[in-house]
Amino acid sequence: MSYQIIDGKAIAGEIKEECRVKAEEYREKGIEITLAVVQVGSDPASGVYVRNKKRACEACGIRSLSYELPEETCEVELLELIEKLNRDEAVNGILVQLPLPGQIDEKKVIQAIDAKKDVDGFHPMNAGALCTGERGFVSCTPAGIIQLLKRSRIAIAGKECVVIGRSNIVGKPAALLLLAENGTVTVCHSRTADLKEVTKRADILVVAVGKPKFITAEYVKEGAVVIDVGIHRKENGKLCGDVDFDSVAPKCSAITPVPGGVGPMTIAMLMSNCIASVDE
Ligand code: NAP
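Residues numbered from 1 in each chain as written. Predicted model: local features only at pLDDT ≥ 70, side-chain atom pairs only at ≥ 80, totals over all residues. Heavy atoms only, no water.

A. Focus on the overall build of the protein chain. Looking only at helices and strands, the protein chain features 10 helices and 11 strands. Since a compact globule built from 280 residues should have a radius of gyration of about 19 Å, the 19 Å found for the protein chain is in line with a globular shape. Along the three orthogonal principal directions, the C-alpha set of the protein chain runs to about 55 × 45 × 40 Å. The buried share among the 280 residues of the protein chain stands at 49%. (Helix = DSSP H or I, 4+ residues; strand = E, 2+ residues; numbered from the N terminus. Rg over C-alpha atoms; globule rule 2.2 N^0.38 Å. Buried < 20%, exposed > 50% of the residue type's maximum accessible area, 1.4 Å probe, protein only.)

B. Expanded view of the layout of surface pockets. In this structure, the largest pocket spans a volume of roughly 1,400 Å³. Along its surface, the largest pocket is lined by 45 residues, and Tyr49, Thr141, Ile231, Gly263 and Thr266 are the ones closest to its centre. Elements that contribute at least two residues to the lining of the largest pocket include exactly helix H1 (8–28), helix H2 (44–60), strand E4 (93–96), helix H6 (140–151), strand E9 (232–233) and helix H10 (262–277). When its volume is computed, the second largest pocket comes out at roughly 510 Å³. Around the second largest pocket, the lining is made up of 27 residues, and of these Val138, Ala143, Gln147, Met269 and Asn273 lie nearest the centre. A breakdown of the residues in the lining of the second largest pocket according to their chemical character gives 14 nonpolar, 6 polar and 7 charged. (1 Å grid on protein atoms, 1.4 Å probe; cavity = no way out; pocket = protein on both sides within 12 Å on 5 of 7 lines; lining within 4 Å. Points joined across faces, edges and corners; volume = space filled by probe spheres on them. Nonpolar A, V, L, I, M, F, W, Y, C, P; charged D, E, K, R; others polar.)

C. Focus on the site of the ligand. Near the ligand you find 23 residues, and of these Arg166, Ser167, Ser190, Lys211 and Thr266 are the closest. Burial of the ligand by the protein amounts to 70% of the accessible area it has alone, namely 930 Å². Here the shell around the ligand takes 3 residues from H10, the largest share from any one element. Residues of the shell around the ligand, tallied by class, amount to 10 nonpolar, 10 polar and 3 charged. (Near = heavy atom within 4 Å. Areas by Shrake-Rupley, 256 points an atom, 1.4 Å probe, with all protein chains shown as cover.)

D. Structural detail: the sheet that holds strand E3 (residues 63–69). A sheet is described by the order of its strands in space; here 3 strands give the open sequence E3-E2-E4, paired in parallel fashion. Taken across any chain shown, the strands that pair with only one partner, and hence form the sheet edges, are E3 and E4. Sheet twist, expressed as the mean angle between neighbouring strand axes with direction ignored, is 15°. Two elements, strand E2 (residues 34–40) and E3, share 7 bridges in a ladder whose sense is parallel. (Pairing = 2+ DSSP bridges. Axes fitted to C-alpha atoms, helices over the stretch in contact; angles between N-to-C directions.)

E. Region of interest: empty space enclosed by the protein. The full count for this structure, using the stated rule, is 1 cavity of 30 Å³ or more. There is about 50 Å³ of room inside the largest cavity. Tallying contributions element by element places E4 first for the lining of the largest cavity, with 3 residues. The class makeup of the residues in the lining of the largest cavity is 7 nonpolar, no polar and 2 charged.

F. Focus on the environment of Asp7. With respect to the element layout, Asp7 can be found in the loop between strand E1 (4–5) and H1. Of the residues examined, Asp7 reaches a relative accessible area of 39% and is grouped as partly exposed. When the C-alpha positions of Asp7 and Gly61 are compared, they lie 24 Å apart, and in sequence the two are 54 residues distant.

G. Looking closely at the pattern of salt bridges. Applying the stated rule across the entire model yields 12 salt bridges. Taking the shortest distance from any N to any O, the salt bridge between Glu18 and Arg151 comes out at 2.9 Å. Taken together, the residues Glu18 in helix H1 and Arg151 in helix H6 connect sequence positions 133 residues apart. With relative accessibility at 34%, the residue Glu18 sits in the partly exposed group. (Salt bridge = Lys/Arg side-chain N within 4 Å of Asp/Glu carboxyl O.)

H. A negative patch on the surface, seen in detail. On the surface, Asp43, Glu71, Glu72, Glu77 and Glu80 cluster together into a patch of negative charge. Relative to the helices and strands, Glu72 is located in the loop between E3 and helix H3 (75–87). In this structure Glu72 comes out as exposed when scored by relative accessible area, which is 61%. (Patch = residues over 30% accessible without salt bridge, like charges linked within 9 Å, V, L, I, M, F, W, Y side chains within 5 Å. Lys, Arg positive; Asp, Glu negative; His and termini not counted. Charge placed at Lys NZ, Arg CZ, Asp CG, Glu CD.)

This is the structure we're talking about:
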């Protein structure tokens, strides 16, 4: 079967360009969209993510303010900074790069961010809004999955959608978004009794299991659309996803590659949330 490769890099580029145009329109009205980026410690992976996010801000004409705190920062200090940024009217969005060092309670920090500035969409108010179909920030990676499908003209309504993974940042919000788009949604996890039996029913299979090349051809129905959220670095330094692309792709009608699929969408949707933060 010939399959479509869903080009996340190109779609993310389109979204970032739309954000750049909107940011410029706001600037002409005297509004400078501003994202505060907070990093605690010097975890190299976090460093790369933060740099990429700041670079995307620059490309989209969004001002980014950097707060780099030492590894030994205590919870109170971080909460005080967040309180200051919450009050600062010039700051539209606040992003605290996760994970945080062990002495800091991540949940407390996420809840301290003003929900109206929570561009990551992790605050319980925003998670709740997604659940009840109200307005709010949506977690960037799942929001990116929906954009990949929509902009590739893949219909969701009425389709059997299976999500593997139930994390708060990917699996659960992805399932809720697919439901909001009128998909018939099943969520699988580590206690799912017969994973293969469920995934083989999927017209749209979203894989966020966190295990390299876990999903092979026998998990996938002929003609399915497969969205691979996983990111893993192999021993040879190359990236791979949660899906064994070479065996799965020939069975699909469409599939996202790794790299160049879901990955670039996360930052594009962060930019989109920053633009939306002006109206919050
Ligand atoms: P996570 O918190 O580790 O969640 C993994 C989920 O997979 C859990 O719900 C777990 O079930 C389930 N699971 C584990 N083993 C399973 C099995 N054998 N069968 C069925 N389900 C199983 O991971 P995450 O944060 O959601 O991330 C998932 C993947 O996406 C990772 O590879 C991560 O690196 C990647 N990611 C990519 C981006 C991006 O920008 N592209 C963003 C975020 C994450 P239980 O709940 O029962 O434990």
